[in-house]
Protein chains: 2
Amino acid sequence: MQNVKEYIAQHKDRFINELIELLKIPSVSADPAYNQDVLNTADAVKDSLEKAGCDNVEICETPGYPIVYGEKIIDPNLPTVLVYGHYDVQPADPIELWDSPAFEPVIKKTDIHPDGAIFARGACDDKGQMYMHVKALEYMTSTGNLPCNVKFMIEGEEEVGSESLAWFVPRNKEKLANDVILISDTGMIANDIPSITTGLRGLSYVEVEVTGPNRDLHSGLYGGAVANPINILTNMIASLHDENNHITIPGFYDKVEELSREERDEMAKAPFSLQEYKDALDIDDVHGEAGYTTNERNSIRPTLDVNGIWGGYTGEGAKTVIASKAYAKISMRLVPGQDWEEITELFKKHFESIAPKSVKVVVTPHHGGQGYVTPIDNIGYQAASKAYQETFGVTPIPQRSGGSIPIVALFEQELKSKTILMGFGLNSDAIHSPNEHFGVWNYLKGIETIPYFYQYFTELSK
Amino acid sequence: MQNVKEYIAQHKDRFINELIELLKIPSVSADPAYNQDVLNTADAVKDSLEKAGCDNVEICETPGYPIVYGEKIIDPNLPTVLVYGHYDVQPADPIELWDSPAFEPVIKKTDIHPDGAIFARGACDDKGQMYMHVKALEYMTSTGNLPCNVKFMIEGEEEVGSESLAWFVPRNKEKLANDVILISDTGMIANDIPSITTGLRGLSYVEVEVTGPNRDLHSGLYGGAVANPINILTNMIASLHDENNHITIPGFYDKVEELSREERDEMAKAPFSLQEYKDALDIDDVHGEAGYTTNERNSIRPTLDVNGIWGGYTGEGAKTVIASKAYAKISMRLVPGQDWEEITELFKKHFESIAPKSVKVVVTPHHGGQGYVTPIDNIGYQAASKAYQETFGVTPIPQRSGGSIPIVALFEQELKSKTILMGFGLNSDAIHSPNEHFGVWNYLKGIETIPYFYQYFTELSK
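Chain A carries the name Dipeptidase in an unreviewed UniProt entry, which gives Tenacibaculum aiptasiae as its organism.

Here's what the structure looks like:
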């Protein structure tokens with residue numbers, strides 16, 4: 001399969017330009033204003049799959065945004081790889097912090113990406129990483145290097161909870177039948193330190209509303225005598241962590257799987273510089289749960305973060321008002337063992353219970369998903385490991401990620417197959433942030449590596 | 001002076017329509033977008049003063065919005081009343097909570113205002129109450145009932161801290177020389193329980209900014225390991241009150257004047273129903289400093305309220321992000337004895353000191369002012385009291401207000417004269433809130449009462 005390098009060298013400009021076209025469509029699933037753009041992106045993905053050699057490509061309707069499906073079945077007796085990805089992206093705001101418009105991709109060199117990186121919302125998460133699979137398929141089909149069957153399932157609601165996918169999968173088990181699921185929606189440690197994600201955190205996302213008086217009040221006439229919903233909300237949120245940054249919700253940790261000392265020692269071997277970490281974020285100190293390292297805090301431990309808060313007067317100048325309402329969006333990252341619906345219920349019950357009589361509280365669950373762990377002894381993981389060795393020249397490190405792909409747990413439950421998370425992005429790619437980008441080298445390296453996964457997985461399946 | 005009733009009866013429709021025209025101009029001083037409207041309002045006030053019989057009316061330029069000045073000097077040997085008011089208004093937002101547009105005044109009957117109330121931003125605070133004085137002057141000049149000299153000083157920055165007035169007054173002491181300052185920018189207990197405000201709270205208004213990482217981060221990849229500025233801000237704000245709702249800023253209470261048991265007992269005589277208070281605000285319980293009644297909490301005790309808070313993703317749907325920055329607008333109401341600049345410094349020092357090393361904190365003072373107390377034994381208060389007796393038929397109750405008119409303390413310091421706060425609005429008029437209104441009865445009653453103040457003040461000055 002040596003010719004994969006040549007094929008990429010021949011077509012790399014086209015590979016990059018095709019991705020740039022895809023990135024120009026603002027497929028923000030969280031905001032109804034982009035509804036048509038999301039739908040247009042699904043069409044673009046459909047076309048790209050057909051051009052790459054997929055058969056039976058279709059736009060599958062769902063209660064929400066459609067799922068793009070395509071397949072290439074060369075022999076029912078050969079194993080089948082199901083590729084999952086998503087064509088929707090996070091909102092771009094705060095847009096004022098982007099150096100170039102989020103949906104006008106540009107290629108710029110950076111210290112970490114001397115060959116240049118594509119800057120645009122979705123460049124890495126997940127259009128860029130999803131499109132690597134499309135181009136890898138194009139290579140395999142057009143050069144006769146496809147060793148097994150392949151199916152693609154690309155959704156448009158990953159950034160808002162994959163509800164329609166959860167509806168679609170159980171209804172299409174036969175169509176989606178596979179031997180392994182392959183996803184590139186995670187990262188690796190560094191370009192010279194490839195890693196494979198073996199664990200994901202679950203997620204529970206809620207919105208809270210605190211109501212005090214029935215109207216905004218003059219803070220002079222009422223200040224001090226009436227509960228201020230913003231002050232109350234800050235009290236309630238602050239009380240969710242204790243002085244050791246443990247989460248105080250009763251029962252929250254009951255089902256958390258504690259890692260053994262050995263497992264934690266193994267994790268600690270991954271190269272990590274706290275100073276570089278702090279410098280990259282321009283912070284003087286890290287902050288987290290007592291008794292755990294930074295890498296443990298953001299991977300094997302559950303968290304509670306406020307993702308947004310608002311209330312009262314936030315415009316120019318000053319307004320002496322006591323707001324009637326205050327709001328917050330709060331998400332909890334969960335670890336294997338914690339059930340997201342149970343945790344959501346625990347949060348709701350606790351948050352309502354700590355509300356003083358002077359306010360009314362409403363907790364609205366947004367969405368969530370379970371955590372997941374991939375065993376490194378299965379042939380999917382081994383095929384991926386060998387593929388990285390082939391193209392990176394080193395054995396990838398198994399790594400727990402702090403991120404969540406809630407749907408992975410559902411795949412295992414409904415489709416009875418394991419998921420392999422082959423990520424080629426870097427933490428510094430600023431996904432979900434202004435100036436998200438994806439290294440050109442990483443993009444092409446992914447396209448080069450993926451065909452080897454197919455080859456080794458087919459061999460190991462014999 | 002019996003003919004004041006007849007004069008008002010004759011001209012009331014015009015009085016109301018003139019006020020409605022003034023209320024149509026959105027003179028929001030906090031928002032630069034309304035710059036021209038604020039200036040147009042100053043011109044409208046100038047015209048109204050000239051029509052009412054003022055001489056030497058002028059638009060006095062300042063570093064900010066202009067101050068409208070006018071006078072009617074009938075005899076240098078007679079006492080001089082300086083009328084202060086403001087033509088700027090609070091922002092109208094949240095506009096979606098207004099039943100009718102904030103700057104399209106309408107008259108509607110309410111339970112408390114059976115003769116109808118004018119609904120518009122500024123109806124009561126302060127265009128309506130300021131304009132009572134203009135119409136009272138018109139009556140006195142056009143019917144030969146002006147018993148002394150009068151000066152008007154109407155500013156356009158009261159809602160944003162009166163900075164230009166603080167610049168103007170020391171530079172115009174001679175022009176502003178007076179024997180008493182008369183202001184209608186406060187309220188009374190009820191239409192059948194007139195009261196005169198004898199105390200005002202001071203104010204310190206600050207904005208805080210908490211910065212964590214140098215960019216928004218993915219809450220999965222970094223959650224739990226990096227300080228979330230919103231969580232940190234909620235902790236810091238929550239810590240500003242203890243479990244008894246005492247403010248925890250060191251030195252905050254050091255100079256607070258404690259009222260004697262007698263004074264508190266006197267205050268407690270003012271009619272007040274906690275149930276009605278809670279019903280009017282639709283709250284199940286009040287909330288405030290332990291050891292004080294509701295009326296004490298919002299008048300003789302200092303407070304700390306968050307007037308606005310924002311950070312992270314506040315749009316539709318969900319965004320799993322750790323924001324780089326979080327903000328809050330915080331105001332403290334101060335009582336006599338507390339110096340607002342000293343308190344602002346104490347807040348800044350304390351707030352910066354409680355910030356963990358994992359974030360950076362910036363505290364920006366907005367504006368402030370001192371509290372004030374009017375002695376009830378001075379002739380200004382007595383003249384006001386007799387005026388209310390004349391038109392309401394009962395003796396008004398002296399009352400401390402929780403609100404702030406920072407400039408009052410400066411008047412005493414610079415102009416060496418006492419301020420009398422003759423308010424005709426009600427707490428239920430929703431100033432600073434959606435659906436602000438001012439009773440037509442109250443508006444006309446104010447016009448009727450003010451001339452008696454001039455009469456009695458002149459007599460008592462002999």
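A. Expanded view of the overall build of chain A. A count of helical and extended segments in chain A gives 12 helices and 20 strands. Over its C-alpha atoms chain A spans a radius of gyration of 23 Å, differing by no more than 12% from the 23 Å that the globule rule assigns to 462 residues. Based on the C-alpha atoms only, the size of chain A along its principal axes is roughly 80 × 50 × 45 Å. Counting across all 462 residues of chain A, residues that qualify as buried make up 61%. Contacts spanning at least 24 positions in sequence make up 78% of the contacts within chain A whose residues lie at least 6 apart. As presented, chain A carries roughly 16500 Å² of accessible surface, and 49% of it is formed by carbon and sulfur atoms.

B. Region of interest: the UniProt feature "domain: Peptidase M20 dimerisation" (unreviewed entry) in chain A. Listed under "domain: Peptidase M20 dimerisation" (unreviewed entry) in the UniProt record, and renumbered for this structure, are residues 199-357 of chain A. Helix and strand shares over residues 199-357 of chain A are 28% and 23% respectively, and the end C-alpha atoms of the span are 42 Å apart.

C. View of the relation of the copies chain B and chain A. Mapping chain B onto chain A leaves a residual RMSD of 0.1 Å; the transformation is a rotation of 180 degrees accompanied by 0.0 Å of translation along its axis. Viewed as a symmetry operation, the transformation between the two copies matches a two-fold axis.

D. Main features of helix α12 (residues 440-461) of chain A. The end-to-end C-alpha distance of α12 of chain A, which contains 22 residues, comes to 32 Å, matching closely the 32 Å that a straight helix rising 1.5 Å per residue would cover. With 17 of its 22 residues buried, α12 of chain A lies for the most part within the structure.

E. Seen up close, the interface of chain B and chain A. Counting residues at the interface gives 87 residues for chain B, matched by 87 residues for chain A. Seen at the junction of chain B and chain A, the total is zero salt bridges. Remark: the boundary between chain B and chain A carries 43 residue pairs in polar contact (both at pLDDT 80 or more). Here the element with the most residues in the side of chain B that touches chain A is strand β12 (residues 303-312) of chain B; it accounts for 10 residues. Split into classes, the residues belonging to the side of chain B that touches chain A amount to 33 nonpolar, 37 polar and 17 charged. Examined bridge by bridge, strand β12 (residues 303-312) of chain A and β12 of chain B share five bridges and lie antiparallel to one another.

F. Molecular detail of the packing of helix α2 (residues 35-51) of chain B against helix α3 (residues 127-142) of chain B. Residue and element names in this part refer to chain B. Packing of α2 against α3 brings their axes to within 10 Å, and their N-to-C directions diverge by 25 degrees. What the angle tells us is that α2 and α3 run roughly parallel. Crossing handedness for the pair α2 and α3: right-handed. Contact residues: Thr41, Val45, Ser48 and Leu49 in α2; Lys127, Met130, Tyr131 and Val134 in α3.

G. Main features of the confidence of the model for chain A. Mean pLDDT over chain A: 95, with 100% of residues reaching 70 or higher. Interface predicted TM-score (ipTM) for the complex: 0.79; the corresponding pTM is 0.80.

H. Fine view of the pattern of salt bridges. All names here are of chain A. In total, this model carries 44 salt bridges over all chains according to the counting rule given. In this structure, Lys5 and Glu448 form a salt bridge, with 2.6 Å as the shortest nitrogen-oxygen distance. A residue pair is termed long-range when its members are at least 10 positions apart, and Lys5 in helix α1 (residues 3-23) and Glu448 in helix α12 qualify at 443 residues. For Lys5, a relative accessible area of 45% corresponds to the partly exposed category. Using a relative accessible area of 8% as the deciding quantity, one classes Glu448 as buried. Put simply, Arg14 and Glu18 hold a salt bridge, and the shortest N to O gap is 2.9 Å. You can see Arg14 and its partner Glu18 sitting in helix α1, four residues apart, about one turn around the helix. Salt bridges sharing partners connect three or more residues here, namely Arg14, Glu18, Lys135 and Glu138.

I. Focus on the packing of aromatic side chains. Evaluation of the coordinates by the stated rule reveals 32 aromatic pairs over all chains. Ring centres 6.2 Å apart and planes at 65 degrees place the aromatic pair Phe438 of chain A and Tyr443 of chain A in the edge-to-face group. Judged by its relative accessible area of 0%, Phe438 of chain A falls in the buried class. Residue class for Tyr443 of chain A comes out buried when judged on its relative accessible area of 0%. Centroid distance Tyr388 of chain B to Phe392 of chain B: 5.5 Å. Interplanar angle 40 degrees. Geometry classified as tilted. In this pair, Tyr388 of chain B and Phe392 of chain B both sit in helix α10 (residues 379-392), four residues apart, roughly one turn of the helix. Per residue, the accessibility class of Tyr388 of chain B equals that of Phe392 of chain B, and both read buried. A network of ring pairs unites the aromatic residues Tyr388, Phe392, Phe424 and Trp441 of chain A as a single cluster.

Parameters at a glance
Residues numbered from 1 in each chain as written. Chains lettered and ligands numbered in written order. Predicted model: local features only at pLDDT ≥ 70, side-chain atom pairs only at ≥ 80, totals over all residues. Heavy atoms only, no water. Helix = DSSP H or I, 4+ residues; strand = E, 2+ residues; numbered from the N terminus. Rg over C-alpha atoms; globule rule 2.2 N^0.38 Å. Buried < 20%, exposed > 50% of the residue type's maximum accessible area, 1.4 Å probe, protein only. Contact = heavy atoms within 4.5 Å. Areas by Shrake-Rupley, 256 points an atom, 1.4 Å probe, with all protein chains shown as cover. UniProt positions renumbered as here; feature names shortened; annotations may be inferred. Least-squares fit on C-alpha atoms with pLDDT ≥ 70 in both. Expected span 1.5 Å × (residues − 1). Salt bridge = Lys/Arg side-chain N within 4 Å of Asp/Glu carboxyl O. Polar contact = N/O pair within 3.5 Å; in protein donor to acceptor, adjacent residues only side chain to side chain. Nonpolar A, V, L, I, M, F, W, Y, C, P; charged D, E, K, R; others polar. Pairing = 2+ DSSP bridges. Axes fitted to C-alpha atoms, helices over the stretch in contact; angles between N-to-C directions. Parallel < 35°, antiparallel > 145°, perpendicular 65-115°, else oblique. Left-handed = near helix turned anticlockwise from the far one by under 90°. pLDDT = per-residue confidence, 0-100. Phe/Tyr/Trp six-rings, centres within 6.5 Å; stacked < 30°, edge-to-face > 60°.

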